[in-house]
Amino acid sequence: QVQLVESGGGLVQAGGSLRLSCAASGRTFSSYAMAWFRQAPGKEREFVVGINFSGRSTYYTDSVKGRFTISRDNAKNTVYLQMNSLKPEDTAVYYCAADRSLLSPTTRINDYDAWGQGTQVTVSS
């Protein structure tokens, strides 16, 4: 089972940028599909973006297309989320998720068996 630790959250003004990182333990990171989810106060956790095991395929929810970019470095056991043109509605706790059984990431929370502790992203208007 891989263990995940997110970092890079913080407070930023609208229009600004942040880069989140998710560091994974274990030797089989390159076998995992990875995803970022987020949960805003009072709302359900939602899929944001995902990347397949090789990094060649990525998937974005419509609200972040053109603003967010996911990437991974399998040599460093790390997945990144570059967030540009941030909006107040992007404010949430962002979670990294992983699953070895998935060929490609899905939007379903229950498909993932490893989660990080979350990192807070706050975008002020």
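Not measured: the values here are computed from a predicted model. Position numbers for residues count from 1 along each chain, tracking the sequence in the order it is written. A pLDDT threshold of at least 70 governs which residues receive local features in this predicted model, and a stricter bar of 80 or more applies before side-chain atom pairs are shown or counted, although totals over entire chains, interfaces and linings include all residues. Where side-chain values are given, they derive from all heavy atoms of the structure, hydrogens and water being excluded.

(A) Spotlight on the packing of aromatic side chains. Aromatic rings from Phe, Tyr and Trp, with only the six-membered ring used for Trp, were paired whenever their centres fell within 6.5 Å, and each pair was classed as stacked if the ring planes differed by under 30 degrees, edge-to-face if by over 60, and tilted otherwise. Throughout the structure, instances matching the rule amount to 4 aromatic pairs. Residues F37 and F47 carry aromatic rings whose centres are separated by 5.6 Å and whose planes lie at 80° to one another, so their mutual orientation is edge-to-face. With F37 in strand β4 (residues 33–39) and F47 in strand β5 (residues 46–51), the pair connects residues that are 10 residues apart, well separated along the chain. We call a residue buried when its accessible area falls under 20% of the maximum for its residue type, exposed when it is over 50%, and partly exposed in between, using a 1.4 Å probe and counting protein chains only. What makes F37 buried here is its relative accessible area of 0%. Seen from their ring centres, F37 and Y112 are 5.3 Å apart, and the 80° between their planes marks the pair as edge-to-face. With F37 in strand β4 and Y112 in the loop between β9 (92–99) and β10 (114–115), this pair connects stretches of sequence that are 75 residues apart. For a lysine, the NZ atom is tested; for an arginine, the CZ atom; a charge sits over a ring if that atom is within 6 Å of the ring centre and within 35 degrees of the ring normal. Over the aromatic face of Y95 sits the side chain of R45, whose NZ or CZ is 3.6 Å from the ring centroid. Stacked on the ring of F29, the Lys or Arg R72 has its end atom at 4.5 Å from the ring centre. Each helix is a run of H or I in the DSSP string that is no shorter than four residues. Each strand is a run of E no shorter than two, and both are numbered from the N terminus.

(B) Structural view of the nonpolar core. In terms of nonpolar packing, the biggest core is built from 28 residues, with L4, M34, W36, V79, M83 and Y94 touching the most fellow members. At the level of elements, β3 (18–24), β4, β5, β7 (68–73), β8 (78–83), β9 and β11 (119–124) are the ones that each hand at least two residues to this core. It only takes one pair of heavy atoms within 4.5 Å for two residues to be counted as in contact. The residues contacting V79, other than those within four sequence positions of it, are L20, S21, C22, F29, M34, W36, I51, I70, S71, R72 and C96. Side-chain atoms within 4.5 Å link the members of a nonpolar core, which is a set of buried Ala, Val, Leu, Ile, Met, Phe, Trp, Tyr and Cys residues. In terms of nonpolar packing, the next biggest core, distinct from the first, is built from 7 residues, A35, F37, F47 and Y112 among them.

By themselves, these are just geometric observations and shouldn't be taken as functional.
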